[in-house]
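The residues making up each chain are set out below.
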Amino acid sequence: MADFVGKQFTQEEIAEKVKEQYDDEKTIIFYNIVMGGGGHDIHFGIFHDEKWGVLESSKATTDKMMDDLNWASPVTKDSTVLDLGSGHGGGTHSMVKRFGCTVQCMNLGPKQNEFNLAECKKIGIADKVSCMEGNINNPFPSEWTGKFSHIWSCEVFCHVADKVATLKEIYRCLKPGGVLVFSDLMGSDFADEKQLKDFTDRNATSSMGRPSQYLEALRDSGLQYVQWWDGSFHLEKYFSEMVRQIDENRDVMKSKGLDDQYLNNWHQSLSDRVQMQKDYNVFAWGIFVARKDPNGKFPVPKFEFKTEGGMAFFDAYMSTRSFISGWYEGSKDDVAVYLAMGGAPKESVHPHAARWYKQVAKMMDSR
């Protein structure tokens, strides 16, 4: 069973290590009990009630992600959804039951895929779901270009080595106007890798992402930012609930072949996470939503600054954002527009443009 103490992996190594972590019969049992509470929503959870455990809270995450997906672009029976890293299929099953959509699953583990499809047959949605074995670190099939109205991924990108490359593949596979929703466990923006060691020692990763890195990667991929919902404040309780699952289900898991050393290692790692999160908030977790421009183009309009109309348009454009193509930090788009503008706008006439100009000037001075 997977134990990656002191190890981080290259892009070439990650695929086999992910299989080792999730697709062994015994680790499937562990994650189903400890992270899923016996259900199929095997991921971090949202606690609406302090009495909830991992089962209820992880289902709440699935429900919120479906809500976010549906609000960004309605999901209907005619929608075609790609579930990247579908695992046991919890997200897929919920989407099909709620929306009646068709779902294409891509997942690395053959045993997980068998479980997913068997459950689809059991609950009567097999005609709506197909599943292929695939590595999210590799280019997606060429025939997927512009195929999907929605793409879903739940806590999988932590196993992706080149996140921009994968997001560019997602951009390619979305239809114009299509929506991506994904969640992930990350390091907080101020954490270093040493502080995150108890996670990387138990997970097949190259390095943990950060919220700011994902926001930048979304921009660089060509996707439009819709929202980032920060659920990091739920992590301490969720880690604690996972520890409780081990304590209360140890005998059951041992009867199914898991040994004390494996369970003790996880118990210690999760206990360390509880304390680290309580003391330092080193982990971050939440849900991102992004959209492909309906025209299929990178969402940066052409600006002209020679006329009052052009300046007024730019001022109105900047009234709803901090930077040209991002909300949290500047990019090469800001530099190009800054240089093209040729001088500072009048704050009394174009306040939003003036505010942006000062931000970019400060950004360039710091380089």
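Residues numbered from 1 in each chain as written. Predicted model: local features only at pLDDT ≥ 70, side-chain atom pairs only at ≥ 80, totals over all residues. Heavy atoms only, no water.

(A) The arrangement of the pattern of salt bridges in detail. Throughout the structure, instances matching the rule amount to 13 salt bridges. Residue Asp68 pairs with Lys64 through a salt bridge whose shortest N-O separation is 3.4 Å. Of this pair, Asp68 and Lys64 both sit in helix 3 (residues 54-72), four residues apart, roughly one helical turn. With its nearest N and O atoms 2.7 Å apart, the salt bridge here joins Glu169 to Arg172. Here the residue Glu169 and the residue Arg172 both occupy positions in helix 6 (residues 163-173), the gap between them amounting to three residues, near one helical turn. Looking at Arg172, the relative accessible area reads 22%, which means it is partly exposed. Three or more residues joined by partner-sharing salt bridges are found here, namely Lys237, Glu241, Arg244 and Glu248. (Salt bridge = Lys/Arg side-chain N within 4 Å of Asp/Glu carboxyl O. Helix = DSSP H or I, 4+ residues; strand = E, 2+ residues; numbered from the N terminus. Buried < 20%, exposed > 50% of the residue type's maximum accessible area, 1.4 Å probe, protein only.)

(B) View of the environment of Gly37. Along the chain, the position of Gly37 falls in the loop between helix 2 (25-34) and helix 3. Separated by 18 residues in the primary sequence, Gly37 and Leu55 place their C-alpha atoms 4.5 Å from one another.

(C) Representation of unusual backbone geometry. Within the chain, Glu155 stands out as a residue other than glycine whose phi angle is a positive 55°. Topologically, Glu155 is positioned in the loop between strand 4 (148-154) and helix 6. Overall, the relative accessible area of 12% leaves Glu155 in the buried class. Positive phi is not limited to glycine here, since Asn281 has a value of about 50°. Within the element layout of this structure, Asn281 appears in the loop between helix 10 (260-280) and strand 7 (283-291).

(D) Region of the structure containing helix 2. The buried count for helix 2 comes to seven of 10 residues, which makes it a mostly enclosed element. Residues of helix 2 that are buried: Thr27, Ile28, Phe30, Tyr31, Asn32, Ile33 and Val34. Capping of helix 2 at its N-terminal end is provided by Asp24; its side-chain oxygen lies 2.8 Å from the backbone amide nitrogen of Lys26. (Polar contact = N/O pair within 3.5 Å; in protein donor to acceptor, adjacent residues only side chain to side chain.)

(E) How the structure looks around the packing of aromatic side chains. Taken as a whole and assessed by the stated rule, the structure comprises 26 aromatic pairs. Seen from their ring centres, Phe44 and Phe239 are 5.8 Å apart, and the 85° between their planes marks the pair as edge-to-face. Placement of the pair is Phe44 in the loop between helix 2 and helix 3 and Phe239 in helix 9 (residues 235-255), with a sequence separation of 195 residues. On the basis of relative accessible area, Phe239 is assigned to the buried category, the value being 0%. Pairing Phe305 with Phe314 gives two aromatic rings, centres 5.4 Å apart and planes at 90°, and the pair type is edge-to-face. The pair formed by Phe305 and Phe314 is uniform in burial state, with each residue classed as buried. Grouped by ring-pair contacts, the aromatic residues Phe303, Phe305, Phe313, Phe314, Tyr317, Tyr338, Trp356 and Tyr357 constitute a single cluster. Its end group placed over the ring of Phe47, Lys237 keeps NZ or CZ at 5.1 Å from the ring centre. (Phe/Tyr/Trp six-rings, centres within 6.5 Å; stacked < 30°, edge-to-face > 60°. Lys NZ or Arg CZ within 6 Å of the ring centre and 35° of its normal.)

(F) Structural detail: the state of the cysteines. A complete count under the given rule lists zero disulfides for this structure. Cysteine Cys131 remains unbridged, with the sulfur of Cys105 as its closest cysteine sulfur at 4.8 Å. Under the relative-accessibility criterion, Cys131 is labelled partly exposed at 23%. (Disulfide = S-S within 2.5 Å.)

(G) Structural view of the side chain of Asn135. Assignment of secondary structure puts Asn135 in the loop between strand 3 (129-133) and strand 4. Residue Asn135 is classed as buried on the basis of its relative accessible area, which comes to 16%. Looking at Asn135, its side chain comes within polar contact range of the main-chain nitrogen of Asn137, at 2.9 Å.

(H) Spotlight on the pairing of strand 4. Strand 4 sits mainly inside the fold: seven of its seven residues count as buried. Summarising the sheet, strand 1 (residues 80-84) and strand 4 pair through three bridges and their orientation is parallel. Along strand 4, the bridge assignment pairs Val81 with His150. Of the strand pairs in this sheet, strand 4 and strand 5 (residues 174-187) are connected by six bridges, and their pairing is parallel. Paired with Ile151 across the bridge in strand 5 is Leu180. The β-α-β motif built from strand 4, the intervening helix 6 and the parallel element strand 5 has right-handed crossover chirality. (Pairing = 2+ DSSP bridges. Right-handed = clockwise from strand over helix to strand, strands pointing away.)

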